[in-house]
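A look at the structure
The residues making up each chain are set out below.
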Number of protein chains: 2
Amino acid sequence: MKELSSLQIERLKYQPKLPSSLSGGINNLTLVEGNKTECVKDAEQIKELFKNTYGKPVVTFKSSNQTEDAPVRNIGVILSGGQAPGGHNVIAGLYDALKQSNPQNKLYGFLGGPSGIIEGEYIEFTPEKINAYRNTGGFDIIGSGRTKLETEEQFQKALKVCQNLNITGVVIIGGDDSNTNAAMLAEWFVKNNAGIQVIGCPKTIDGDLKNEQIEISFGFDTATKTYAELIGNILRDANSAKKYWHFVKLMGRSATHVGLEVALQTQPNITLISEEVEQKQMSLKQIVNYIADIVAKRADMGKNFGIALIPEGLIEFIPEIKSMISNLNDVLATLENDNSYTSADENTKFNIIKNKLNAADSAVYDSLPVMIKKQLLMDRDPHGNVQVSKIETEKLLIEMVSNKLTEMKKAGTYNGKFSAQCHFFGYEGRCAFPSNFDADYCYSLGYNAFALMKFGLTGYLSSVKNLSSPANEWVAGGVPLTMMMNMEKRHGQFKPVIKKALVELNGPVFKVLEENREKWALEDKYIFPGSIQYFGPSCVCDITTETLKLENAAKLTAV
Amino acid sequence: MKELSSLQIERLKYQPKLPSSLSGGINNLTLVEGNKTECVKDAEQIKELFKNTYGKPVVTFKSSNQTEDAPVRNIGVILSGGQAPGGHNVIAGLYDALKQSNPQNKLYGFLGGPSGIIEGEYIEFTPEKINAYRNTGGFDIIGSGRTKLETEEQFQKALKVCQNLNITGVVIIGGDDSNTNAAMLAEWFVKNNAGIQVIGCPKTIDGDLKNEQIEISFGFDTATKTYAELIGNILRDANSAKKYWHFVKLMGRSATHVGLEVALQTQPNITLISEEVEQKQMSLKQIVNYIADIVAKRADMGKNFGIALIPEGLIEFIPEIKSMISNLNDVLATLENDNSYTSADENTKFNIIKNKLNAADSAVYDSLPVMIKKQLLMDRDPHGNVQVSKIETEKLLIEMVSNKLTEMKKAGTYNGKFSAQCHFFGYEGRCAFPSNFDADYCYSLGYNAFALMKFGLTGYLSSVKNLSSPANEWVAGGVPLTMMMNMEKRHGQFKPVIKKALVELNGPVFKVLEENREKWALEDKYIFPGSIQYFGPSCVCDITTETLKLENAAKLTAV
């Protein structure tokens, strides 16, 4: 029986690249401080909430000839939230920097996500453990979890656990929410003179943790390449068999960076962008008509096949659906103990709902296919709310487009065959072996996190910039977490949070889609990226995403 | 706007490897004839049906110092049936051999599958066309189709088209059915003194076109590697998040070679093999209990996650379901115009069906989840039969396992959480860039097909053997198509067909699963193959499938 695949064995040997400022050694660094910073919005409130950590400068590192002192210290690390390729390399980079700094240093890994630091569940990393996970995907080295680190009680417990292990620094690898919590924990530790620093690392395949200071979160590169591989393969299949329309839903509920990036890599016929749907106040009917129109035009050209990319969160961005669901939640709450509803058959239920919803929402509900009407009534979360994530948007669209095409056929405006296949990709890409880019980027982020610790910084996000250039030209440093924050309403209360990056309709990435999508819809301009390559020509192995390339190019032009 | 991906550009440059017997040049070959052959079964009938092409010898090639004469000739090629990675390379190999033999030779490609040779739809290949498709996935170079080439009228039309183009040889790239038709066409051409040879090439990702003479069909290697990549990624995700059971359905209705190969590459917790279910006469309930038992045992160990591989064709291999569907088809036929049925609501319909089915089938029908009961009544093919392929087996199993676990929880024999995700992989792998193995194998098959033509052979399958060894040691030759045939009942009539290879429960590949599956079920022995690599270390780029390795090793031991 095998223990490891050939690729696993070979990837363990890969030595990730570091920015030149860091490659001179962890004890040979100079800190360069920039100006004091302000947060993106709501400065008064953020300042009040982060009295001790607000307004710090952005920092960068320079290699220095002088070797700094390196007293012994213990650090803890947490993987938080959904998996993203490269998490193991963040830990490996952190470990290598820490051991290089002082071989007496220890790195603890908290198990199962943030709950590990609260419950005191941990391991101490050994060289064997680290070496078995270098350049591999997954978060299985210590596991991950979704516990939110935010209450006074949790902070107290975490403090005790850290004190027991003599830990003076915690690295939290997570998305926007986890890093918001990192900022709160950092503030709390300073306020309580705990002597424990907190550094965050920007993780999420969704790509929505980015801003002027953070070019991209890790994992986005590998995940989008994996989805692009699959979508390229499906495009080629569609273009060979010429008989199916493939509707592909892509993971990511709150932003459509993944869909946009994959579209630029593969050039499919249809790409829906949630942010556009919301901003242009598109109705479900308009979306269905848009798709049906392209299907019909292609059918006129003799092409009864194609591919449509659907963002997972689409439904929540359609204003009329959002309104209907909110109304439906209220209505369902009133019916919970109503026997005439609960014991009714399906059709009667539909009618009761239809009559209870207000006119506009009722019309929207009534326009949905039976399958979806049913799903909306059945799958409810523990609070009684509709579970939007369970709605099979790709099937909803297939059914509605199919119905629209039947109408069009009767009206003589469509004359083709519509046969559809649906796919949902998400889990397929979150734990892939990190691309060379993510392997290098993550290793640098982890290594750099320890550098920030060394200079006594806390409440910072590890930052590596200039990512479109070769790794040795990357710029390592740190960004105060508060700088990215504003106040947002969550569960009815205003809270400090890191602002999520949505797709900007006037940004350089969406522009490429906008300029080309009409052509891509009708002509077959498919591109087949193939699978991620880790060896071989640099033009294949070391390419980053179109998103990063375009955004960095736009920044240069703006300067 | 991009036209090609970086990988596309690099792969176009790859020069596929040839067996040493062929690499000396297409006009420098000697034919080595083996003994006369017999078919696998039903020799009398097959001999009668293939009077002119039956009993020919297996042949192989040797490199020769003498250069043979190479008169000008035109060849046509057809891609038939579902896509498989490497099809383009078969054509490239054929083209290169043909042009090398005599630059005046022409290669025609029939468009859209076998219908192209009937309707006279074709292109002539140019160097530019061929060069743009080398080492790429898909069948889009000329398209594919599923028209069956089997009637006298079709043969007559094909003859005319060939005569018009002065074509004296046709290469059919297809699976078992397509090659059965190739054999019939070959026989017909000889019988009618058409002077047109027919050579087949063994294609199918399902891996069920193999036998003593054919080690593996092309595409199986690349497709299974692509599925194994995805399943490895999902395993790593499951093992990191530790909260989901993933049920993955894999394409392939008639055999489970794909599922078995992927299982050996990734070592998931549960792997169902259709052939085993049929042979052991397992009921749906037994299958559900088998899965639920493993879920419960893992839950006892604190592991509420795992992965189960489900073959697409499973349902058709469960004896009781097969019987019930057959009975249901009869019942539905009698109800077609029965108003009291057609206008009834869902529950009434279920009851009518339940009462009309015989006792055993009725019990089976009644035991199914509502979703499936409904699907069985709704999705019917043009003949009124249940469309088994539309049944979502992965969802059926999830629902039934979930129900079983609820029962077990009540009985105190299960204490865990069961949350499941489902996946279906098929289209994702059929058009991937061929692995180095498939790129080399396909190129050799195509090149070799022309060699068979040169020696005047017809009704042969292009064969390249000894595939576990490096490419230069491969053995090129041909196998008479009739040798693989027997008589089988199709649509009520006995017909000559190439015998499909099913998973053998006493074969060396299944044995590995059998010996290890208990361990794989409970311990986490996951392997992560990662994405197909085309460059870099040979141990990563040039590995073939476990199936081929084990089967060839067993053959050697047997000798």
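Before any of the text, the structure's been laid out above.
So, here is what we can say about the structure in this document. (Residues numbered from 1 in each chain as written. Chains lettered and ligands numbered in written order. Predicted model: local features only at pLDDT ≥ 70, side-chain atom pairs only at ≥ 80, totals over all residues. Heavy atoms only, no water.)

**A few points about the packing of helix α10 (residues 257-266) of chain B against helix α22 (residues 508-522) of chain B**
How two helices sit against one another is set out by the angle between their axes and by the gap between those axes. All names here are of chain B. We count it as follows: Lines fitted to C-alpha atoms define the axes, with helix axes restricted to the stretch in contact, and inter-axis angles between N-to-C directions lie between 0 and 180 degrees. Only runs of H or I of at least four residues qualify as helices and only runs of E of at least two qualify as strands under DSSP, and these elements are numbered from the N terminus. Here the angle decides the label: under 35 degrees means roughly parallel, over 145 means roughly antiparallel, 65 to 115 means roughly perpendicular, and every other value means oblique. Note: crossing handedness is left-handed where the near helix turns anticlockwise from the far helix by less than a right angle, and right-handed where it turns clockwise. Any two residues whose heavy atoms approach within 4.5 Å are treated as being in contact. All residues other than Ala, Val, Leu, Ile, Met, Phe, Trp, Tyr, Cys, Pro, Asp, Glu, Lys and Arg, Gly among them, are scored as polar; the first ten of these are nonpolar and the last four charged.
Interaxial distance between α10 and α22 falls to 10 Å at its minimum, and their mutual angle equals 50°. As judged from the angle between their axes, α10 and α22 are oblique. Crossing angle aside, the handedness with which α10 passes α22 is left-handed. Residues L260, A263 and L264 of α10 pack against V509, F510, V512, L513 and W520 of α22. Looking at the contact of α10 with α22 residue by residue, the class counts come to 8 nonpolar, no polar and no charged.

**Comments concerning the packing of aromatic side chains**
Here a ring pair, both rings aromatic, is described through the centre-centre distance and the interplanar angle of the planes. Note the following rule: Two aromatic rings, drawn from Phe, Tyr or Trp (for Trp, its six-membered ring), form a pair once their centres lie within 6.5 Å of each other, and the interplanar angle then sorts them: stacked below 30 degrees, edge-to-face above 60, tilted otherwise. Note on exposure labels: buried denotes an accessible area under 20% of the residue type's maximum, exposed denotes more than 50%, and partly exposed covers the range between, all computed with a 1.4 Å probe on protein chains only. Throughout this description, the term charge over a ring refers to an Arg CZ or Lys NZ atom that lies within 6 Å of the ring centre and within 35 degrees of the ring normal.
As enumerated under the stated definition, the model contains 26 aromatic pairs over all chains in all. Between A:F433 and A:Y534, the ring centres sit 6.4 Å apart and the planes meet at 65°, which makes this aromatic pair edge-to-face. A residue pair is termed long-range when its members are at least 10 positions apart, and A:F433 in the loop between β11 (420-425) and α20 (436-454) and A:Y534 in the loop between α21 (508-522) and α22 (538-541) qualify at 101 residues. Both residues of the pair, A:F433 and A:Y534, belong to the buried class. Members of the aromatic cluster, connected to one another through ring pairs, are A:F155, A:W188 and A:F189. The ring of B:Y14 has B:R11 sitting right over it, with the charged end atom 4.4 Å from the ring centre.

**Brief notes about the interface of chain B and chain A**
So the rule is basically this: Buried area is understood as the total, over both parts, of accessible area removed when two parts are fitted together, assessed with a 1.4 Å probe. Take a side-chain nitrogen of Lys or Arg and a carboxyl oxygen of Asp or Glu: if they are within 4 Å of each other, that pair is a salt bridge. Definition of a polar contact: a pair of N or O atoms within 3.5 Å, with one able to donate and the other able to accept a hydrogen when the atoms are protein atoms, and with sequence-neighbouring residues admitted only if both atoms are side-chain atoms.
Counting from both sides, the interface comprises 66 residues of chain B and, opposite them, 66 residues of chain A. Where chain B abuts chain A, roughly 5200 Å² becomes buried across the two surfaces, and 51% of that area is made up of carbon and sulfur atoms. There are 6 salt bridges connecting chain B and chain A. Of the charged contacts, one joins B:E392 and A:K395 as a salt bridge, the two residues approaching to 3.0 Å between their closest N and O atoms. On the surface where chain B and chain A come into contact, there are 32 residue pairs in polar contact (both at pLDDT 80 or more). Only α1 (6-12), α9 (220-241), β11 (420-425), α20 (427-430), α22 and α23 (538-541) of chain B provide two or more residues apiece to the side of chain B that touches chain A. Among the elements that make up the side of chain B that touches chain A, the one with the highest residue count is α9(B) (10 residues).

**Here's the deal with the relation of the copies chain B and chain A**
How we decide: The superposition of copies rests on a least-squares fit of C-alpha positions from residues with pLDDT of 70 or more in both.
For the pair chain B and chain A, the relating rotation is 180°, the translation along its axis is 0.0 Å, and the fit reaches an RMSD of 0.0 Å. The transformation relating the two chain copies, once decomposed into turn and shift, fits a two-fold axis. A share of 100% of interface residues in chain B that are also interface residues in chain A marks the association as one of identical surfaces.

**Quick look at the side chain of B:S5**
Note on placement: B:S5 falls in the segment before α1. The class for B:S5 is buried, based on a relative accessible area of 4%. Residues in contact with B:S5, not counting those within four places in the same chain, are A:I527, A:F528 and A:P529.

**Section: the sheet that holds strand β9 (residues 270-271) of chain B**
Residues and elements named next belong to chain B. What counts here: Paired strands, as defined in this entry, are two strands with at least two bridges between them according to DSSP.
Strand order in this open sheet of 4 strands is β9-β10-β8-β11, and the pairing throughout is parallel. The open sheet has two edge strands, β9 and β11, and neither has a second partner. In terms of strand pairing, strand β8 (residues 245-250) meets strand β10 (residues 306-311) through 6 bridges, oriented parallel. Residue pairing for β10: L250 is matched across the bridge by P311.

**So, the side chain of B:H246**
All names here are of chain B. Inspection of the secondary structure assignment puts H246 in strand β8. For H246, a relative accessible area of 0% gives the class buried. Here H423 takes part through its side chain, which lies 2.9 Å from a polar atom of the side chain of H246.

**Thoughts on the sheet that holds β11(A)**
Residue and element names in this part refer to chain A. Across the sheet, 4 strands lie side by side as β9-β10-β8-β11; this open sheet has parallel pairing. Since the sheet does not close on itself, it has two edges, and those belong to β9 (270-271) and β11, each with one partner. Along the sheet, helix α12 (residues 284-300) makes contact with β8 (245-250), β9 and β10 (306-311), crossing β8 at roughly 150°.

**Some remarks on the nonpolar core**
Short version of the rule: Only buried Ala, Val, Leu, Ile, Met, Phe, Trp, Tyr and Cys residues count toward a nonpolar core, and they belong to the same one when joined by side-chain atoms within 4.5 Å.
Within the largest apolar cluster, 176 residues are counted, with the highest numbers of intra-cluster contacts made by A:I91, A:V171, A:I231, B:I91 and B:I231. When near neighbours in sequence (up to four residues on either side) are disregarded, A:V171 contacts A:I75, A:G76, A:V77, A:I78, A:L94, A:I199, A:C201, A:A449 and A:M453.

**Structural notes on the environment of B:G507**
Examined against the element boundaries, B:G507 turns out to sit in the loop between β15 (493-498) and α22. Residues B:G507 and B:E551, 44 residues apart in the sequence, show an inter-C-alpha distance of 7.8 Å.

**Looking at unusual backbone geometry**
For residues that are not glycine, phi is negative in most cases, and the peptide bond is trans in most cases. Located in the positive-phi region is A:Q267, a residue other than glycine, with phi close to 55°. Assignment of secondary structure puts A:Q267 in the loop between α10 (257-266) and β9. For A:Q267, a relative accessible area of 2% puts it in the buried group. For B:D42, which is not glycine, the phi torsion reads 55° and is therefore positive.

**Observations regarding the pattern of salt bridges**
Residues and elements named next belong to chain A. According to the stated counting rule, one finds 62 salt bridges over all chains in the structure shown. Across the pair K500 and D208 runs a salt bridge whose closest N-O atoms are separated by 3.4 Å. With K500 in the loop between β15 (493-498) and α21 and D208 in the loop between β7 (197-202) and α9 (220-241), this pair connects stretches of sequence that are 292 residues apart. Look at K500 and you get partly exposed, because its relative accessible area is 30%. Three or more residues are tied together by salt bridges with common partners; here these are K148, D177, E488 and R490.

**As for the packing of α9(A) against α9(B)**
Packing of α9(A) against α9(B) leaves a shortest axis separation of 12 Å and a crossing angle of 145°. Relative to α9(B), α9(A) is oriented so that their crossing is left-handed. In this structure, α9(A) contributes A:T226, A:E229, A:L230 and A:N233 to the contact, and α9(B) contributes B:T226, B:E229, B:L230 and B:N233. For the contact of α9(A) with α9(B), the class distribution of residues is 2 nonpolar, 4 polar and 2 charged.

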